[in-house]
Every structure is written in structure tokens, then in C-alpha cells.
Amino acid sequence: MQISSRFTMAIHMFACVDTFSDQKMTSDFMAASIGTNPVIVRKLLQQLKAAGLIEVSRGTGGVTIRRPLEEITFLDVYRAVECTPDEELFHFHEKPNPDCPVGRNIHHVLDNRLLEVQKAMEEKLAGMTLADVKKDVAKWIEKEEKQKKM
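Calculation criteria
- In every chain, residue numbers begin from 1 and rise along the written sequence.
- pLDDT decides what is reported in this predicted model: residues at 70 or higher carry local features, side-chain atom pairs at 80 or more are listed and counted, and totals for whole chains, interfaces and linings draw on all residues regardless.
- To get the side-chain values, take all heavy atoms of the structure and skip hydrogens and water.
- Throughout, an axis means a line fitted to C-alpha atoms (over the contacting stretch in the case of helices), and angles, computed between N-to-C directions, take values from 0 to 180 degrees.
- The secondary structure listing takes helices from DSSP runs of H or I that are at least 4 residues long and strands from runs of E that are at least 2 residues long, numbered from the N terminus.
- Should an angle lie under 35 degrees it is considered roughly parallel, over 145 roughly antiparallel, and from 65 to 115 roughly perpendicular; all remaining angles are considered oblique.
- For a crossing to be left-handed, the near helix must be turned anticlockwise from the far one by less than a right angle; the clockwise case is right-handed.
- Whether two residues are in contact is decided by their heavy atoms: any pair within 4.5 Å suffices.
- When residue character is reported, Ala, Val, Leu, Ile, Met, Phe, Trp, Tyr, Cys and Pro are called nonpolar, Asp, Glu, Lys and Arg charged, and the others, Gly included, polar.
- Burial classification: accessible surface area is computed with a 1.4 Å probe over protein chains only, and a residue below 20% of its type maximum counts as buried, one above 50% as exposed, and the rest as partly exposed.
- Two strands pair under a simple rule: DSSP has to find at least two bridges between them.
- Polar contact criterion, stated in full: a pair of N or O atoms within 3.5 Å, where within protein one must be able to donate a hydrogen and the other to accept it, and residues adjacent in sequence count only if both atoms are side-chain atoms.

Trainee: Give a description of the packing of helix α1 (residues 6-19) against helix α6 (residues 130-149) that names residues and reports values.
Mentor: Interhelical geometry of α1 versus α6 gives an angle of 65° and a closest axis separation of 10 Å. In terms of axis orientation, α1 runs roughly perpendicular to α6. In this structure, the crossing between α1 and α6 has a hand that is right-handed. Taken together, the residues of α6 that come into contact with α1 (itself represented by Ile11, Phe14, Ala15, Asp18 and Thr19) are Leu130, Val133, Lys134, Val137 and Ile141. Along the lines of polarity and charge, the residues of the contact of α1 with α6 split into seven nonpolar, one polar and two charged.

Trainee: So what's going on with the pairing of strand β2 (residues 62-65)? Which residues, and what values?
Mentor: Of the two faces of β2, the one lined by Val63 and Ile65 is fully buried and the one lined by Gly62 and Thr64 carries no buried residue. Two strands pair when backbone bridges link them, and strand β1 (residues 54-57) and β2 are joined in this way by four bridges, in the antiparallel orientation. By the bridge assignment for β2, serine 57 is matched with glycine 62.

Trainee: Break down the side chain of glutamate 82 for me, with residues and values.
Mentor: Following the sequence through the fold, glutamate 82 ends up in helix α4 (residues 74-82). A polar contact of 3.2 Å, which involves the side chain of glutamate 82, links it to the side chain of arginine 6. One polar contact links the side chain of glutamate 82 to the main-chain amide nitrogen of phenylalanine 7, over a distance of 3.2 Å.

It is worth stressing that arrangement in space is one thing and function is another; only the former is reported here.
Structural data, given as C-alpha cells:
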């Protein structure tokens, strides 16, 4: 199982907006930091804006985080960029064969287990915030600066 890179790119974007708050924040700047195309960043910005997590000022290149970082969880970001509200983490194959005893019963066997896994992941994501990222990014930047001085 692999979640797309949209989630980690969105977290990276929040870290850029916060770390470089004294600069004009553009999709080009964030794309260069992430190592991706600005079009992808703009698409993610649209999704984050639609979720009410950021505000984007067109033309001026301004991105504003709409809530304190302590109030934005990884789950908020995940839901904004990875799935629609009713979408489940695991996509079940559409038409198991009802004439096969396994096909006929596989949903009974797996559905609750997969929902349990999704719930555990969502609970873990809900316990992590962008403030945690801010703190850790600052720590790593400070560590690098100390090493440069040596």
C-alpha cells in the first residue's frame, strides 16, 4: 500500500509557507523546494484552499495559513489532498464472483478489518499537527546552521 506523494508535498508546502513567512510564497518557490512541477503545487494549493486550510492571493503570490498550526492535523491535510470525504483507504475490487465461495464471502471477511486499519491510521494522523512539523523543521535547520559554523 502506498499513499501518493500529494500528502507529503502538502505538508512540505505548509513548512515552506511557515518557514519563509517573510518572503513572497509562490508555487514556483514551493515547487523548487519540493522538487516538482509548479502545476502540481498549484493543484495542491487549490485542494488545500477548498478544504479551508489556506488562503491564496492571486497575482501577488501570497499563501496564508488560515488556522494556527496546532489546529491543523495531518488528517486534515490527508483528507484535503488524498481522498473525497466518503472515500475509504482501501479500494475493494468491484465485482467478486458470487458463484465462487471465496468471492461471495470476501467482503464479509475483509470489510471490517480494513475499516479497522483505516480508523487506526486516521487516529494516528489526527494526533499529529503542523506545529510538530514546524518545531522539527526549525530544529533541523538550527542543527545545520551550527554544523556550518564549525
